[in-house]
Each structure stands twice: as C-alpha cells, then as structure tokens.
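What the coordinates show
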Amino acid sequence: MDISQRIYDTALNEFMDICKVPHSSNEVDKPNYANHFGPFTKFIMTKIKSYGVKKIMKDDIGNIWFDIPASKGCNNFKKIILQSHMDMVWDAVKEATKWNRWTHPISQPVIEKIKGELVMHTNKYLTSLGADDGEGMAIILSVLKHREEFKHGNIRCLLTVDEEPGLIGAQKLGIIKGKQNNVVGGYDYLLNIDTPLLNTIIASSAGGRMRKWIIDKIVSEKVNKQPIYQIAISDCHGGHSADQIDDGYANPVKLANEILLKIGDVKLISFTTPNTEVNNKIPKESLVKFVSNKSNNEIKKIVTACMQLFKKQYKAEKNIKINFKKISGSFKCIKELKDTKHILNLIKQFPYGPLTRFNDDHFVETSCNIAPIELNLNNEHEQFVLQTYFRSANLKKIDSIDKQIVSIFNKIIKSNFKKASSNLINQIPPWEYKKVNPLMDLAIKGYKKIGIKARTYKVHCALECSYFVKQNPKLCQISIGPQTDFEHNVRETLHLASYKNLAKVILYMLSNL
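Everything numeric here is computed off the predicted structure, so don't read it as measured data.

**Quick word on the overall build of the chain**
Across its full length, the chain holds twelve helices and 27 strands. Scaling as 2.2 N^0.38, a compact globule of 513 residues should have a C-alpha radius of gyration of about 24 Å, and the chain matches this with 24 Å. Dimensions of the chain, computed from the C-alpha atoms along their principal axes, are close to 80 × 45 × 45 Å. Burial status across the chain gives 59% buried among its 513 residues.

Below, the structure written as structure tokens:
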C-alpha cells in the first residue's frame, strides 16, 4: 500500500470519528464557545496529542494550531500552512429537528455506491454530513499521523472556528489575552482545504456583508374573533447561499411573502424559517400564521394558484410543498393592517439570488441571500428580525448594494415604525487573485501527475484566505478539496474517489515544495 492510500484511509477513519462529536456553527453575533464548542476543541486537541505533538497553541476565540518540523534534509523547502475550519452547518429533516445541534452528533455516515461511484452521506439523510469542513480536518490529522513516511518541509497546521457564519475565527486569529500574534507570518504558502468543487483550484474569493434588520415594539393586539390561518412551505431544496445561489432554487421566505401579498388583507401573527439559524444557508422551509377576513376557500384558491406558478418559475424545485390550513389558539397579531403591509413590502423589495455577473464569463459576481427571519409578538420586544447576506468580488458593488438596501429599509420601515434599526453584523473583504502564484502552479502539476487537468476558478463564496493575507501580504494561497454535493443540506454527499485524489495531490505538493 502506497503512502497516499494510507493517508486517504486514515483521513476516512478520522472523518468518521469527527462525525461522532457535535461541532455545529455558532450564531454570528453570539460567540459562546465555552458553552458549546469546548468539547469538540478538547476532542481535536486530544487527537493531535495522541500523534506526538507536545505544543498546541490556542487563541482566545478557540482557533488552534501546531507545527510539524521538516523531514531530515528538507529545511530548505518552502514553509506551508495547512488550514481547515472546525465548524459545520447543521441541517436536519423533521425527524431529527428535535435533536440539539450543540449536544447531538450528526446522523452517522454511511458509504454506498450510487451510479457506480462510492459516496458518503448521513444515514437516511437525516442531517447534513459536515464534510464542509470535516474532510479538511481529517486530511490534516492524517498528514500528521503519517508525517515520518514522506519528505516534507516545515508545516503549520491551523484549525479555525466558526468559518460558516462569517469567518469569525479567521478575523480574530492569533489574539491571546488581548494581544495580537501573527499566526501566518513567516510562511510562504497556505493551503486551504475547503473547496467542494471537483478538480478545481480556487485562487480568489468574494467578500460579503451581513446585516440584521430589526423592528422593535411592534404594536400588537390579541386575536379576537377573526379566523386564523397557517401556511407552511416545506421541502424546498435549500443549500449553500453562495454555491447554490445560481442553481434556480427558491427562497421560501420570498414564496410565503408573495402568497401573503396576493391574499392582501392580512395581519401577521408570526413569520419564521424553521431550522435555519445562519445567514449563509438558503432556507428549505418557512412558516407563517396570520388573520384575514377572506374565507378559507378564497385563500385556498390563491395558495393553489401560487403553487402552480412556483412550479413553473422554479423548475429545479422537485419536491416543494405548501400546506394551508385554518388553525385555532390564543395569539397576538400586528394591530395595524398597514404595518403588516410595510413588512411584506420590505421583503418584496429586498433582492434575492444573483444580481450581477462577470463580463468575461457566466460566473456570479454579486448576490444576496435572505434568511433567517423571525416575527415574534410573544416576547417583551415584540420584534421582527430579518437577516441578509450579500456577496461580491467587487468592493464598490458591495458598497452600492448596501446603500441600496439600507435606503429601501429606511424608506419602508424607518419612516413608519418608531423603533427600527439596521445593524451591520459582519463584513468580509474579498481575497484578490494573484497572477503569479507558485502554489497554484504546484497544485496544477499535482493534478496532472494523476491524470487530471485541474481548472482555476473564481469562487463566489467567502473563504478565510481573505483574512490570512491581511496578516501576511506575501502569502501565496489556494483552496482545494474533494467533490462535495449539496453542502449545508441533509443531502450533503462526499465523493470518495475525489477524496482519494485529494490525498494524492496534497502529498505531491508537500513533497515538492
């Protein structure tokens, strides 16, 4: 058995172990690692120590890193950082939504042959797999275990926290007791192992801006004798708000909003996106409760007509369902009809999906995702909260769209509600393309050696590389990974042949620096 096969086999076993320990992403504006991420960090650090590493560094937010010294006679190799993130996006079907993502592991992975190819996914597709980025952590642990079996230079291994909700770990990398340490300084290359695209080398990524739109103290009233209705939209595809934003999938927030606008005289009771806590995930479902003077049959006709329209508009949505019913119970609704109309108009006016494309190809340049959303009239705040995440490789377009959306919010909401605010919760710089990149050239050679012509790609998602290069402007970086379908989704699938090829390419690169 050759060394690349051993690295692959070990990585597969390491990934299985990683899946046994909860490591869901945090919420972007509520970092609290002591409560939920501590057990996973302890698990990973125990793993690293078991392979003979005596010194592991950990910063205030929870990023960890350690060094692998160069093989004998290889100190002249270029110094490289292997990097992946520790968190994953949790997604679950209804049977598993009762599981606590902080304390319950994912549904255990299974390997099966689909269309002649070995793939891995979770048992019964109950939860997302977490290959993004468990596969990267597993490869790094495998390189560590087999480090004495191949030649290599000095390697730093870096595992970051909370990449998914906005590259939080990378932003705060190296801060220990309030003092900044340059974790990537002095290194020549950084290999980010976090790309889901087959035989693809990423050498730049988009930036982004996340906002939370809030209305506080909405005037409400108890529902008296008016009929109460519920619309539940479910089984939309969902997915990654960058990778799948151009695949023709619907956003159920927009769908529910369109139905409510067609009904017309509604007063909202609640509006939520169940099981969607992060803004880089296209939601799969939405749930609205409302009162209306229209009859049950009138609303049913509108819902049926909308369903037919959605099927024509979103041909990629194969399983979408809309459930409409009359309900009973004790509820509060928004008091003024016009206030509901303002909120629905805001959602209508906010953009979703691809907004601009690069002039030289079909790739998305700028996009916007809408989610999560929550209208809650039963707490002390009586609050409406909506999040947006828009991305672009062009900083000017990020600024332009931001001004446009803020203007929409101010015109529709701020002028009509006493307590309304637009909060910037995160902004991510783009990672700009370098024409001269020896690490990219080396990766191309590595793929060529195993008979694959790799492509270089403009990726629309945000990658942590945009922050690493701020600490070390001379750093040459690329991102590679195995083929992973439907990240951030219960259908998430890891293609094992591409994972084996990744092990071969990384081994080649480390041995030829």
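Moving on, there is more to tell.
**Brief notes about helix α7 (residues 296-313)**
The end-to-end C-alpha distance of α7 is 26 Å, a good match for the 26 Å that 18 residues give at a rise of 1.5 Å each. Listed as buried for α7 are I299, I302, V303, C306, M307 and F310. For α7, the buried positions fall inside an angular range of 140° around the axis, keeping them on one side. Among the exposed residues of α7, those pointing more than 90 degrees away from its buried face are N297, K301, Q308, K311 and K312. Buried positions along α7 lie against β13 (228-234), α6 (252-263), β17 (286-292) and β18 (321-327).

**Regarding the pairing of strand β25 (residues 476-480)**
Burial of β25 is extensive: five of the five residues sit out of reach of the surface. Of the two faces of β25, the one lined by C476, I478 and I480 and the one lined by Q477 and S479 are each fully buried. Bridge count for strand β9 (residues 189-193) against β25 is five bridges, and the pairing is parallel. Bridged to Y189 within β25 is C476.

**What about the packing of aromatic side chains?**
Taken as a whole and assessed by the stated rule, the structure comprises six aromatic pairs. Look at F40 and F43: their rings are 5.7 Å apart centre to centre, the planes differ by 40°, and that puts the pair in the tilted class. Of this pair, F40 and F43 both sit in helix α3 (residues 38-50), three residues apart, which is roughly one turn of the helix. Accessibility assignment for this pair places F40 and F43 in one class, buried. With a centroid separation of 5.1 Å and an interplanar angle of 50°, the aromatic rings of W213 and F409 are classed as tilted. Of this pair, W213 sits in strand β11 (residues 207-216) while F409 sits in helix α9 (residues 395-414), and the two are 196 residues apart along the sequence. Looking at W213, the relative accessible area reads 0%, which means it is buried. Ring-pair connections join several aromatic residues into one group, and the members of that group are W213, F350 and F409. Directly above the aromatic system of Y187 lies the positively charged group of K79, at a separation of 4.7 Å from the ring centroid.

**A closer look at the pairing of strand β22 (residues 383-392)**
For β22, a buried count of ten out of ten residues is recorded, marking the element as mostly surrounded by other parts of the structure. Burial along β22 is two-sided: Q383, V385, Q387, Y389 and R391 facing one way and F384, L386, T388, F390 and S392 facing the other are all buried. Direction of pairing for β11 relative to β22: antiparallel, over a ladder of nine bridges. When the bridges of β22 are listed, K212 appears paired with Q387. Where strand β21 (residues 364-376) and β22 come together, nine bridges link them in antiparallel fashion. Residue pairing for β22: L375 is matched across the bridge by F384. Between β21 and β22, which pair antiparallel and follow one another directly, the connecting turn spans six residues, one of which, E382, has a positive phi of 45°.

About the thresholds
- Residues numbered from 1 in each chain as written.
- Predicted model: local features only at pLDDT ≥ 70, side-chain atom pairs only at ≥ 80, totals over all residues.
- Heavy atoms only, no water.
- Helix = DSSP H or I, 4+ residues; strand = E, 2+ residues; numbered from the N terminus.
- Rg over C-alpha atoms; globule rule 2.2 N^0.38 Å.
- Buried < 20%, exposed > 50% of the residue type's maximum accessible area, 1.4 Å probe, protein only.
- Expected span 1.5 Å × (residues − 1).
- Arc of directions from axis to C-beta.
- Contact = heavy atoms within 4.5 Å.
- Pairing = 2+ DSSP bridges.
- Phe/Tyr/Trp six-rings, centres within 6.5 Å; stacked < 30°, edge-to-face > 60°.
- Lys NZ or Arg CZ within 6 Å of the ring centre and 35° of its normal.

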